[in-house]
Amino acid sequence: MQAPFGATVCPVRTEADAEAYTAWLASVGTVAVDTETTGLDVFSPGWSLRLVQIGDGDTAWVFEVGSEFDPLWKATLDSGRALIFHHATYDLLALRRLDLYPSTFDTKTLAHLVDPAGQHSLKKLCVELLGADASEGDEKLMAHFRSNGWKKGEGFAKVDLRHPDYVLYSGLDVVLTFRLFQKLRPLVVDSGQAHLVDFERRVSHLMATLTERGMSVDKSYAYQLGCTYDARREAAFDQCVIMGVDNPMSTKQVREALKAEGVTFTKKTAKGDYSVDEEALSLIDHPLAAAVLGVRRAGKFRKSYVEGTLAVLGADGRSHPWINPLAARTGRMAVSRPPLQQLPSSDADVRTMFVADPGHLIGASDYSNVELRVLAALADERVMKQAFLDGSDLHQMTADAAGVDRKLGKMANFLTVYGGGPQALAAQAKVDLRTADKVMSAFKRTYPGVDRWGKKLQMQAQASRYQLRTASGRRLPLDRDRIYAATNYVVQSTARDVLAQALLRLDEAGLFGHLLMVVHDECVWQAPAADAEDVAQSFKEIMSFSDFHGLPLPVDSEVYGASWGAGYQQSTRPEEAA
DNA sequence: TCCGAGAGCGCC
DNA sequence: AAACGGCGCTCACGGA
């Protein structure tokens, strides 16, 4: 079949096709691979692989999974030949379900290295790097789905395996992936990041393993917890209705109702309306404000965390969170479906849904103050480094320098990492601007190297088209109107690589099998109860850095108990959550 | 009915 | 001169 962009798409349906494929394969080296499946949810019941496409920059071969030609494509994936995928994590998990474990180049990873702030979808990259608008295929396929009354999710499961648009555009994707790889590989090398390709491949393979492993969920507890939040939400909702707000989730209604009560606002949203967020409402002494916050919080816990977790359980009853190993421009990872990096930490109830496997205990190991230590080390800030070397309480030191309490000192320390100023501190700590100003200038006075380093980074950025390079060699672009973020970006990116390097060491040390989840500066793991303390110690030893630019990066390691929640403050109302 | 920007909020 | 960084998720709302 003749495809757009001069590509040829060859379905493999006959012996003659198979022979032609074999001949073609003998004449090429690296190939690109893509898969089509019934849906994105690899672990859901009824999920299956439908097509496997293999190709180069000109030709794509499309195999129907389950046909007599399965051995052909399987042998290709098993041949040890370099394989190129776009968004390899997905295809990797799909293929692992068939016990195939290919090694991969991922054009999405390469694209992130080359342009960390850009968009990395196949279609966007095709426009950007190949000048090819490949969206027509998707649109045609979607139109076909719609004409059959299928939603997008349904269509991929139901579309005929031989529907010309399906076959053609499935094939085209591998051709484009191959061409993208050819464009991206030299760009990665030119950007001085060739050494990161293998590093990121190893990290992404490990993270795919975590997704595959998943976590055990206590379903009956989760149902009950959902009901608890629901009841809590109902009660607050009723309060709102009594006070004349039918929909407390409508910012407009809340704003108008509070205005009518004579409340005065100060904070505004980006669009210029008065803000009714938590910061604003918490300053308002009115029962409506409290009730609205109650609805929002209980609603979020129920919908985003409890129901969100239950809704995406795999056929095996486990939670299989998606991990994007290279999500933020800084390289920070992101976890979704469910969003395990964002579970409430102020109380244990939501985390208690996630339990250790039978006979096991859950524990966690996290870097202590990693971003502040990285900041001190990279900025080579003498006072701060010495404080960490002496084991002094840095938050107290900042507080003492400003003559305020520790809490404010701690906020100032963190806010500095985030690039915040006096305004931000005043808002967050609910103190007047004068006090906030005093604390922030005390910070600058006490740790002069931080400001000096920040200014240096900004100078460097301006001298190099707003691009910085981290210690691990990662290219890091700034937004030209927000160069003050330089300090935060470099610190965040470096801290990400600290954890990523630790993950590889954990694997080498044979500990990776214990890992369940990563949360930026933390590993959550499980171990047989009898070994848990030893495993905690091992994680601490392997993750720690003894000398990171002149500073140790120590790790706190703790056995929690039978659930993830066991490490957190237990609910004050256990009878409801029990 | 679908889509997307915006607001809000959970975590580190 | 000052500058709150990163993500994922849900809901409401207005426009196509």
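Details of the structure are given in the entry above.
Residues numbered from 1 in each chain as written. Chains lettered and ligands numbered in written order. Predicted model: local features only at pLDDT ≥ 70, side-chain atom pairs only at ≥ 80, totals over all residues. Heavy atoms only, no water.

A. Inspection of the overall build of chain A at higher detail. Looking only at helices and strands, chain A features 23 helices and 19 strands. Here chain A has a C-alpha radius of gyration of 27 Å; the compact-globule value for 578 residues is 25 Å, and the two agree. Taking the principal axes of its C-alpha atoms as reference, chain A extends roughly 80 × 60 × 55 Å. The buried share among the 578 residues of chain A stands at 52%. By sequence separation, contacts in chain A at least 24 residues apart represent 66% of the contacts at least 6 residues apart. In the form shown here, chain A has an accessible surface area of approximately 25600 Å², with 51% of it arising from carbon and sulfur atoms. Here chain A carries 64 positive and 73 negative side-chain charges, and the mean point of each set is 6 Å from the other. (Helix = DSSP H or I, 4+ residues; strand = E, 2+ residues; numbered from the N terminus. Rg over C-alpha atoms; globule rule 2.2 N^0.38 Å. Buried < 20%, exposed > 50% of the residue type's maximum accessible area, 1.4 Å probe, protein only. Contact = heavy atoms within 4.5 Å. Areas by Shrake-Rupley, 256 points an atom, 1.4 Å probe, with all protein chains shown as cover. Lys, Arg positive; Asp, Glu negative; His and termini not counted. Charge placed at Lys NZ, Arg CZ, Asp CG, Glu CD.)

B. Spatial organisation of the environment of Val 241. Along the polypeptide, Val 241 turns up in helix α10 (residues 219-242). It is 9.5 Å that separates the C-alpha atoms of Val 241 and Leu 288, two residues lying 47 residues apart in sequence.

C. Molecular detail of the protein's contact with DNA strand C. Taken together, 27 residues surround DNA strand C, and among them Asn 247, Ser 250, Gln 423, Tyr 484 and Tyr 489 come closest. For DNA strand C, the backbone portion of the atoms within 4 Å of the protein, that is sugar and phosphate, comes to 66%. Residue Asn 247 places a side-chain N or O atom 2.7 Å away from a phosphate oxygen belonging to DNA strand C. Those elements that provide at least two residues to the surface near DNA strand C are α13 (287-311), β10 (334-336), α18 (422-429) and α21 (486-508). Per-element accounting of the surface near DNA strand C gives the leading share, four residues, to α18. Split into classes, the residues belonging to the surface near DNA strand C amount to ten nonpolar, twelve polar and five charged. (Near = heavy atom within 4 Å. Polar contact = N/O pair within 3.5 Å; in protein donor to acceptor, adjacent residues only side chain to side chain. Nonpolar A, V, L, I, M, F, W, Y, C, P; charged D, E, K, R; others polar.)

D. Region of interest: the pairing of strand β12 (residues 360-367). Direction of pairing for β12 relative to strand β16 (residues 522-528): antiparallel, over a ladder of seven bridges. When the sheet's bridge partners are listed, Ala 364 is paired in β16 with Val 524. By the bridge criterion, six bridges tie β12 to strand β19 (residues 555-561) in an arrangement that is antiparallel. Opposite Gly 363, over in β19, you have Val 559 as the bridge partner. (Pairing = 2+ DSSP bridges.)

E. Main features of α21. Here α21 contains 23 residues, and its C-alpha end-to-end distance of 33 Å stays within 8% of the 33 Å for a straight helix at 1.5 Å per residue. Taken across its 23 residues, α21 has 19 buried, putting it largely inside the fold. Looking at the residues trailing α21, positive phi occurs at Gly 510, about 80°. (Expected span 1.5 Å × (residues − 1).)

F. How the structure looks around helix α4 (residues 107-114). Extensive coverage of α4 is indicated by the burial of seven of its eight residues. The complete set of buried residues in α4 reads Thr 107, Thr 109, Leu 110, Ala 111, His 112, Leu 113 and Val 114.

G. Main features of the packing of helix α16 (residues 394-402) against helix α19 (residues 433-446). The geometry of α16 relative to α19 is characterised by a closest axis approach of 8 Å and an angle of 110° between their N-to-C directions. Judged by the angle between their axes, α16 and α19 are roughly perpendicular. In the crossing of α16 with α19, the sense of the turn from one axis to the other is right-handed. In contact with Thr 398, Ala 401 and Ala 402 of α16, α19 contributes Lys 438, Val 439, Ala 442, Phe 443, Arg 445 and Thr 446. Tallied by class, the residues present in the contact of α16 with α19 amount to five nonpolar, two polar and two charged. (Axes fitted to C-alpha atoms, helices over the stretch in contact; angles between N-to-C directions. Parallel < 35°, antiparallel > 145°, perpendicular 65-115°, else oblique. Left-handed = near helix turned anticlockwise from the far one by under 90°.)

H. Quick look at the pattern of salt bridges. Following the criterion strictly, the structure yields 26 salt bridges and no others. For Asp 479, the salt bridge identified is with Arg 329, shortest N-O distance 3.2 Å. Separated by 150 residues along the polypeptide, Asp 479 in the loop between β14 (475-477) and α21 and Arg 329 in the loop between β9 (322-324) and β10 bring together distant segments of the chain. According to the relative accessible area criterion, Arg 329 is buried, its value standing at 18%. With its nearest N and O atoms 2.8 Å apart, the salt bridge here joins Asp 497 to Arg 474. (Salt bridge = Lys/Arg side-chain N within 4 Å of Asp/Glu carboxyl O.)

I. Quick peek at the sheet that holds strand β8 (residues 318-319). The strand order across the open sheet formed by three strands is β8-β7-β11, and the pairing between neighbours is antiparallel. With one partner strand each, in any of the chains shown, β8 and β11 (354-355) form the two edges of the open sheet. Sheet analysis places strand β7 (residues 215-217) next to β11, joined by two bridges and oriented antiparallel. Residue Val 217 lies in a different strand from β11, and its bridge partner there is Phe 354.

J. Molecular detail of the environment of Val 42. Structurally, the position occupied by Val 42 is in the loop between β2 (31-37) and β3 (49-55). On the basis of relative accessible area, Val 42 is assigned to the buried category, the value being 0%. In this view, Val 42 contacts Trp 47, Tyr 90, Leu 93, Ala 94, Arg 97 and Trp 322; residues no more than four positions away in its chain are not counted.

K. Geometry of the protein's contact with DNA strand B. In the vicinity of DNA strand B lie 26 residues, with Glu 278, Arg 296, Lys 300, Arg 332 and Gln 342 positioned nearest. Close to the protein, within 4 Å, the atoms of DNA strand B belong to sugar or phosphate groups at a rate of 78%. Within the side chain of Ser 275, an N or O atom sits 3.4 Å from a phosphate oxygen of DNA strand B. Between a base nitrogen of DNA strand B and a side-chain N or O atom of Gln 342, the distance comes to 2.3 Å. For the surface near DNA strand B, the element with the most residues is α13, which contributes six residues. Considering only residue class, the surface near DNA strand B consists of nine nonpolar, eight polar and nine charged.

L. Highlighting the sheet that holds strand β4 (residues 59-64). In space, the six strands of this open sheet follow the order β1-β4-β3-β2-β5-β6, with mixed pairing throughout. With partners counted over all chains shown, the strands left at the sheet margins are β1 (8-12) and β6 (104-106), one partner each. Pairwise comparison of adjacent strand axes, ignoring direction, gives a mean angle of 30° for this sheet. Bridging between β2 and β3 involves six bridges; their strand directions are antiparallel. Note on β3: the bridge partner recorded for Ala 32 is Gly 55. Across the sheet, helix α2 (residues 70-78) lies against β2, β3, β4 and β5 (83-85), angled at about 60° from β3, the strand it touches most. Along the sheet, helix α8 (residues 164-190) makes contact with β1, β2, β3, β4, β5 and β6, crossing β2 at roughly 145°.

M. Representation of unusual backbone geometry. Put simply, Arg 337 and Pro 338 share a cis peptide bond, and its omega is -5°. Despite not being glycine, His 87 has its phi angle at roughly 60°, a positive value. Position of His 87 among the secondary structure elements: in the loop between β5 and α3 (88-96). Using a relative accessible area of 32% as the deciding quantity, one classes His 87 as partly exposed. Although it is not a glycine, Arg 337 adopts a positive phi angle of roughly 50°. Structurally, the position occupied by Arg 337 is in the loop between β10 and β11. A relative accessible area of 39% means that Arg 337 is categorised as partly exposed.

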